[in-house]
Amino acid sequence: MKVSVILVMIIAANIVAETPKIKHQYAVSFFRNDKILQIESLEEFRGFSNIRCLELCNRNVKCKAFNFGHETCTLLPKSLCDTSHRAQLTDKVGYNYFDLLQDPQKEEQSYGRDECRTFGRCAPHCIPGQPAFYDEKVDRNEADKRCRGRGQLLVMPKSRADDTMILNLVEKARKNVTHFYVWIGVTKDTNTNAWVYDDTTFVGDFQPWGTHEPQSRVGETCVGFYLIINQYGRFHGWMDSWCDGEDSLYPYICA
């Protein structure tokens, strides 16, 4: 693995004067080598080292991350795990994407996670927050918007443990309701017909669809989680759904 931690070094008095306070001492690119984040940039500089690139990012109050390669420094206004966009890292040999950190050791807890090793989502702010249920009946786009406004995404169940966590939240929230639905962070990619999480990764083998789901009716490209209780028992799972309309207003879970 390439060395991919940069420690900022103040080597000239004029740099100290122009940078009264270092925001981030480190830039880290473990599992982000030969990749860049392709979003609209703030500025691009040529003929600089990676250390100088970090200094330039620290001096720009809008800089959240940067791409660096072949002495080219591209400052970015958003990081990979910023919830206001859906861009992913793309391959570019000789270039690295760098997240900014104060303490790179805090990142190490992510190095065993698939999200880090496969998609470069290693920074501490990439780790999902505590899931929270919101009893606000809205369409899917509004639920997505409200989660992103809180710095989170709609909950993305990727394991049986995640599924159980959602079920527990729904059980607490449903009260006496026997048919209960919530939005989750899964949609259909209409170009490929594949199911995709809101972080733009594809849904894997874990797909706990309910009975006769997905129905795949025209326009049902969003996904909810349901709990139904009747005389035959308790049933829960994923269901595909229209994304808006009077019959598609559900609470949601952010994480």
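Note that the structure is predicted; figures quoted are calculated from it, not measured.

So, how was this worked out
- Residues numbered from 1 in each chain as written.
- Predicted model: local features only at pLDDT ≥ 70, side-chain atom pairs only at ≥ 80, totals over all residues.
- Heavy atoms only, no water.
- Helix = DSSP H or I, 4+ residues; strand = E, 2+ residues; numbered from the N terminus.
- Buried < 20%, exposed > 50% of the residue type's maximum accessible area, 1.4 Å probe, protein only.
- Contact = heavy atoms within 4.5 Å.
- Areas by Shrake-Rupley, 256 points an atom, 1.4 Å probe, with all protein chains shown as cover.
- Lys, Arg positive; Asp, Glu negative; His and termini not counted.
- Charge placed at Lys NZ, Arg CZ, Asp CG, Glu CD.
- Phe/Tyr/Trp six-rings, centres within 6.5 Å; stacked < 30°, edge-to-face > 60°.
- Disulfide = S-S within 2.5 Å.
- Pairing = 2+ DSSP bridges.
- pLDDT = per-residue confidence, 0-100.

### Side note on the overall build of the protein
When helices and strands are tallied, the protein shows 5 helices and 13 strands. Over its C-alpha atoms, taken along the principal directions, the protein stretches across nearly 75 × 35 × 35 Å. Expressed as a percentage of its 255 residues, the buried residues of the protein come to 47%. Within the protein, contacts between residues at least 6 apart in sequence are counted, and of these 67% link residues at least 24 apart. Carbon together with sulfur atoms contributes 50% to the accessible area of the protein, which is approximately 13,500 Å² in total. In the protein, 31 positive and 33 negative side-chain charges are present, and the distance between their average locations comes to 4 Å.

### As for the packing of aromatic side chains
Across all of its chains, the model carries 11 aromatic pairs by this definition. Ring plane angle 85° and centroid distance 5.8 Å describe the contact between Phe45 and Phe48, whose orientation is recorded as edge-to-face. Arranged with centres 4.7 Å apart and planes meeting at 50°, the rings of Trp183 and Tyr250 form a pair that is tilted. Linking Trp183 in strand E9 (residues 179–189) with Tyr250 in strand E13 (residues 250–254), this pair joins segments that are 67 residues apart in sequence. Note on Tyr250: relative accessible area 10%, which makes it buried.

### Let's talk about the state of the cysteines
Taken as a whole, this structure holds 6 disulfides when the rule is applied. Residue Cys116 pairs covalently with Cys122 via a disulfide, S to S 2.0 Å. The S-S bond linking Cys116 to Cys122 shows a torsion near 90°; that makes this disulfide right-handed. Here the two residues Cys116 and Cys122 agree in accessibility, since each one is buried. In the protein, the cysteines engaged in disulfides, taken in order along the sequence, are linked 1-4, 2-3, 5-8, 6-7, 9-12, 10-11.

### Focus on the pairing of E9
Counting buried positions along E9 yields 8 of 11 residues, so the element is predominantly enclosed. The pairing of E9 with strand E10 (residues 194–197) spans 4 bridges and is classified as antiparallel. Within E10, the residue paired with Lys188 across the bridge is Trp195. Count of turn residues in the E9/E10 antiparallel hairpin: 4 residues, of which Asn193 carries a positive phi of about 65°.

### Considerations on the environment of Val138
As for its position among the elements, Val138 is in strand E8 (residues 132–138). For Val138, a relative accessible area of 8% corresponds to the buried category. In sequence terms Val138 and Cys243 are 105 residues apart; their C-alpha atoms lie 9.9 Å from each other. For Val138, the residues in contact, after removing those within four places along its chain, are Ala143, Arg146, Trp183, Ser248, Leu249, Tyr250 and Tyr252.

### A closer look at the confidence of the model for the protein
Mean pLDDT over the protein stands at 87; residues scoring 70 or higher make up 90%. Between residues 7–22, whose pLDDT stays under 50, and residues either more than four places distant or in other chains, the model counts 21 contacts.

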